[in-house]
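Overview (structure and organization)
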Amino acid sequence: MSRLEELLQTLCPDGVEEQKIEQVCKNVFAGGTPNTSNEDYYEGEIPWLRSGEINFNNIDKTEFSITKKGLENSSARWIKKDSVLLAMTGATVARSGVNNLPLTANQSVCAMEVNDQIIDYKYLYYCLSKDYEKIRNMGQGVLTSLNVSNIRRITVPVPPLPVQDEIVRILDSFTALETELENQLEAELAARVRQYQHYRNELLSFDSNSKIMENLLTDICPYGVEYLELQQIFDFRNGYTPSTKNDKYWDNGSIPWFTMKDLRANGGILRESIEKITPDAIKGRLFESNSIIMSTSATIGEHALILVDALSNQRFTCLTRKEKFKGLLIPKFVYYYCFILGQWCRENINVSGFASVDMGRFSKFKFPIPPLEVQEKIVSILERFDTLVNDLKSGLPAEIALRRKQYETYRDKLLTFTRRA
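Right, let's walk through the structure included here.

1. Observations concerning the overall build of the protein chain
Each helix and strand in the protein chain was counted, giving 13 helices and 22 strands. Compactness check: the protein chain gives a C-alpha radius of gyration of 29 Å against a globular reference of 22 Å for 421 residues, more than 25% above the reference. In terms of overall dimensions, the protein chain has C-alpha extents of about 85 × 55 × 40 Å along its principal axes. Taking all 421 residues of the protein chain together, the buried fraction comes to 44%.

2. Overview of the layout of surface pockets
A probe matching the size of a water molecule, rolled over the atoms, marks out where space remains unfilled. What the largest pocket holds in volume is close to 810 Å³. If you trace the largest pocket, you find 28 residues lining it, with Arg200, Gly268, Tyr335, Phe339 and Lys393 closest to the centre. At the level of secondary structure, the elements contributing two or more residues to the lining of the largest pocket comprise α7 (161–203), α10 (260–266), α11 (331–346) and α13 (372–414). Element by element, the count of residues in the lining of the largest pocket is highest for α11, at eight residues. When grouped by side-chain class, the residues that make up the lining of the largest pocket number 10 nonpolar, 11 polar and seven charged.

3. Considerations on the sheet that holds strand β15 (residues 275–277)
Taken together, the three strands give an open sheet; going across it, the order is β15-β13-β18, and neighbouring strands pair in mixed fashion. Across the chains shown, the open sheet's two edge strands, defined by having one partner strand only, are β15 and β18 (311–312). By the bridge criterion, three bridges tie strand β13 (residues 255–258) to β15 in an arrangement that is antiparallel. Paired with Pro256 across the bridge in β15 is Lys276.

4. Digging into the packing of helix α1 (residues 3–11) against α7
Remark: α1 packs on α7, axes separated minimally by 9 Å, with the N-to-C direction vectors making an angle of 165°. The angle between the axes of α1 and α7 places the two elements in the roughly antiparallel class. Relative to α7, α1 is oriented so that their crossing is left-handed. Of α7, the residues touching α1 (which contributes Arg3, Leu4, Leu7, Leu8 and Leu11) are Pro162, Val163, Glu166, Ile167 and Ile170.

5. Some remarks on the packing of α11 against α13
The axes of two packed helices give the description: the angle between them and the distance between them. In the contact formed by α11 and α13, the axes pass within 9 Å of each other and the chain directions differ by 65°. Crossing handedness for the pair α11 and α13: left-handed. Facing Lys332, Phe333 and Tyr336 of α11, the residues of α13 in contact are Gln375, Ile378, Val379, Leu382, Glu383 and Asp386.

6. As for the nonpolar core
One finds Phe333, Leu341 and Phe367 to be the most contacted residues of the largest nonpolar core, which totals 42 residues. Among the secondary structure elements, those contributing two or more residues to this core are α7, α9 (230–233), β16 (291–295), α11, β22 (366–369) and α13. For this core, the leading source of residues is α11, giving nine residues. Those residues in contact with Phe333 that sit more than four places away from it in its chain are Leu204, Phe206, Phe367, Pro368, Pro370, Gln375, Ile378 and Val379. Judged by nonpolar contacts, the second largest core, of 41 residues, contains Val98, Tyr125, Tyr126 and Tyr407.

7. With respect to the pairing of strand β7 (residues 96–99)
Every second residue of β7 is oriented toward a common face, with Ser96 and Val98 on one face and Gly97 and Asn99 on the other, all of them buried. Direction of pairing for strand β4 (residues 57–59) relative to β7: parallel, over a ladder of three bridges. For Asn58, the partnering residue across the bridge sits in β7 and is Val98. The pairing of strand β6 (residues 84–87) with β7 spans three bridges and is classified as antiparallel. Bridge pairing in β7 places Val84 opposite Val98.

Reading guide: rules and limits
- For every chain, the first residue of the written sequence is number 1, and numbering continues from 1 onward in sequence order.
- Under the rules for a predicted model, residues below a pLDDT of 70 receive no local features and side-chain atom pairs below 80 are neither given nor counted, while totals for whole chains, interfaces and linings still include all residues.
- Excluding hydrogens and water, the side-chain figures rest on all heavy atoms present in the structure.
- Helix and strand definitions follow DSSP, with helices as H or I runs of at least four residues and strands as E runs of at least two, each counted in order from the N terminus.
- Each radius of gyration is computed over the set of C-alpha atoms, and the globule rule expresses the reference value as 2.2 Å times the number of residues to the power 0.38.
- Throughout, exposure labels follow a simple rule: accessible area from a 1.4 Å probe, protein chains only, divided by the maximum for the residue type, with under 20% read as buried, over 50% as exposed, and the rest as partly exposed.
- Using a 1 Å grid laid over the protein atoms alone, points where a 1.4 Å probe fits but cannot get out form a cavity; open sets with protein on both sides within 12 Å along at least 5 of 7 lines form a pocket; any residue with an atom within 4 Å of a point counts as lining.
- Grid points are joined across faces, edges and corners, and a volume is the space filled by probe spheres set on the points.
- Each residue gets one label: Ala, Val, Leu, Ile, Met, Phe, Trp, Tyr, Cys and Pro are nonpolar, Asp, Glu, Lys and Arg are charged, and the others, such as Gly, are polar.
- Between any two strands, pairing holds if DSSP finds at least two bridges.
- For helices, the fitted line uses only the C-alpha atoms of the stretch in contact; every axis is such a line through C-alpha atoms, and the angle between N-to-C directions lies from 0 to 180 degrees.
- When an angle is under 35 degrees it counts as roughly parallel; over 145 it counts as roughly antiparallel; between 65 and 115 it counts as roughly perpendicular; any other value is oblique.
- It is the rotation of the near helix from the far one that decides the hand of a crossing: anticlockwise by less than a right angle makes it left-handed, clockwise makes it right-handed.
- Residues count as neighbours in contact if any of their non-hydrogen atoms are within 4.5 Å of one another.
- Only buried residues count toward a nonpolar core. Its members are Ala, Val, Leu, Ile, Met, Phe, Trp, Tyr and Cys residues joined through side-chain atoms within 4.5 Å.

In structure tokens:
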């Protein structure tokens, strides 16, 4: 018999009573926000939490802070260390957390300061985490918001404190093991990605120091590889954003219009876009298929190979092979070498005003034109590496999700009691 089973049989053989949050907490209240137009109220010495920072976590710091004057001119109150916090609106609504430091919070955060003679704060946090979906379904309105009155009426099982302490001990240990496993899996993926990037950079180095390419280059191009400036090889065009106020540019659009969201969602080889525009929005001509779009402002150095005629927003510069180079450069090889170009872009930024690439130097960047046989070999090798890395990337979330599901099942079992009649 486990220690927990012994405690349950000894201390609550007839079951466990459920109590409302307002019965087990000394204080249950929402935070508050200073006047947002007064800059003197912000960037102070007092930690100030927003609901979006609550995500089943221990909160050790906050992204924002307010001044003492800001605290005095809002309905925000100090929240004691080791309180239980619950997000009442936004993407994290109904998610809970525990603060490891005294702080204040905005009006979308509910703070619960427990009565430690009745309930352990960590135990209450685990109960609320278990009931996340049920609490979320209490929300009202299109944006699914909770209120303090509803939260006060939430019920949780309240066994004797020794039982709570043992459950917390078990779940803390289990959480630590799960976190360690996730960190190991993520570290393994990061190591494999770094290994791939190193190998890719070696493969794309056409000098005598590249051991990987040495034999292939010696046989096919013993006199070296020709390099030309980007402006000699590619035509450059900038993207743009059609007016969002004009519906005729967007309604029932059929033409792909790429933004950074597409790269984040679908990677570096793009055929479909998240947003589309109409023919009325086109100025001049479309970017040609098999071109590269490279971000040269804002988030700099990201790129993609587009497989369709399309356009992009103004963050991207489009590189299209000049006619004479279409038979000399394979699109996939250009795509892979643009990882080298992207790194160069990140290291050559004009920081006056809005961050952007030094386009004068960009146009003079030296780009290799190895024989087609060399390009095909490089593409073949890197595509296999891409497949391996992508398999790891897709497998990792699945493995983590499985471990979390196991943890949640175990947690829910621990927090399910026979209800006292």
